[in-house]
Amino acid sequence: GDSVTQMEGPVTLSEEAFLTINCTYTATGYPSLFWYVQYPGEGLQLLLKATKADDKGSNKGFEATYRKETTSFHLEKGSVQVSDSAVYFCPTGGFKTIFGAGTRLFVKA
Amino acid sequence: DAMVIQNPRYQVTQFGKPVTLSCSQTLNHNVMYWYQQKSSQAPKLLFHYYDKDFNNEADTPDNFQSRRPNTSFCFLDIRSPGLGDAAMYLCATSRPEASLYEQYFGPGTRLTVT
């Protein structure tokens, strides 16, 4: 079945550092891909999405490109802020979304 | 704003005492999901409703049940909570025809079992 492999955390960065969180997937066909973010004590929020190969999703300075050749959807941000500290999830797409453990990001001032 | 609402945000129950968590949505989505998330773990899908059709995950304990009286509301019933059921419970909705499985989450209910 479909699956994703997400970079393990925690990731600790200083403010204004560059962020990459890796996510690779295996799937039959080309499912929509998503990144969700969970801030402390809250539910999950959709951060960005891409629905087909070569699509770039972007939101709040975060970007991810749906790369068919490498089956990847890595999350990037050029300059992180303390407020970006959260857990980031790259689930499988599809009707029954399967979430991995996520990658916890700590950003230090 | 259209949204997913969960009540209460925090719930304390006693060991073995039935508890009901509620979820409502103003998005008019036809799919509603319940997830269980324990500390520092992935959200685990318990079950979902596609319209009125109930779909239970194979490993969801019988202790957990759900009701969806109408499109807007969905309830999670825990018949006899154990200490291991303490977790954050997340409700989510989606409208697959329109949004390709993008899910909208509520803020969650944190359940404590004493």
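The text that follows walks through the structure, step by step, so that each part is easy to find. These numbers were taken from a predicted model, which means no experiment stands behind them.

## Quick look at the side chain of Gln25 of chain B
All names here are of chain B.
Then, number 1: Along the chain, Gln25 turns up in strand E3 (residues 19-25).
Then, number 2: On the accessibility criterion, Gln25 (4% relative accessible area) is buried.
Then, number 3: At 3.4 Å, the side chain of Gln25 forms a polar contact with the backbone nitrogen of Leu27.
Then, number 4: At 3.0 Å, the side chain of Gln25 and the backbone oxygen of Thr71 are in polar contact.

## Re the nonpolar core
Then, number 1: Counting 24 residues, the largest nonpolar core has Leu19, Trp35, Leu47, Leu48, Phe73, Leu75 and Tyr88 of chain A as its most contacted members.
Then, number 2: For this core, the secondary structure elements donating two or more residues are strand E2 (11-14), strand E3 (19-21), strand E4 (23-26), strand E5 (33-38), strand E6 (44-50), strand E8 (62-65), strand E10 (86-89) and strand E11 (103-108) of chain A.
Then, number 3: Counting 18 residues, the second largest nonpolar core, distinct from the first, contains Leu46, Phe47, Leu76 and Ile78 of chain B.

## Focus on the state of the cysteines
Residue and element names in this part refer to chain A.
Then, number 1: By the definition in use, this model includes two disulfides over all chains.
Then, number 2: A sulfur-sulfur distance of 1.8 Å marks the disulfide that ties Cys23 to Cys90. Disulfide Cys23-Cys90: torsion about the S-S bond near -55 degrees, hence left-handed. With Cys23 in strand E4 and Cys90 in the loop between E10 and E11, the pair connects residues that are 67 residues apart, well separated along the chain.
Then, number 3: A relative accessible area of 1% means that Cys23 is categorised as buried.

## A short note on the side chain of Asp77 of chain B
All names here are of chain B.
Then, number 1: Structurally, Asp77 can be placed in strand E8 (residues 73-78).
Then, number 2: Given a relative accessible area of 14%, Asp77 falls into the buried group.
Then, number 3: A distance of 2.6 Å separates a polar atom in the side chain of Asp77 from a polar atom in the side chain of Thr20.
Then, number 4: Look past the residues within four positions of Asp77 in its chain and what remains in contact with it is Val19, Thr20, Asn63, Phe64, Gln65 and Arg67.

Rules used throughout
Residues numbered from 1 in each chain as written. Chains lettered and ligands numbered in written order. Predicted model: local features only at pLDDT ≥ 70, side-chain atom pairs only at ≥ 80, totals over all residues. Heavy atoms only, no water. Helix = DSSP H or I, 4+ residues; strand = E, 2+ residues; numbered from the N terminus. Buried < 20%, exposed > 50% of the residue type's maximum accessible area, 1.4 Å probe, protein only. Polar contact = N/O pair within 3.5 Å; in protein donor to acceptor, adjacent residues only side chain to side chain. Core = buried A, V, L, I, M, F, W, Y, C linked by side-chain atoms within 4.5 Å. Disulfide = S-S within 2.5 Å. Contact = heavy atoms within 4.5 Å.

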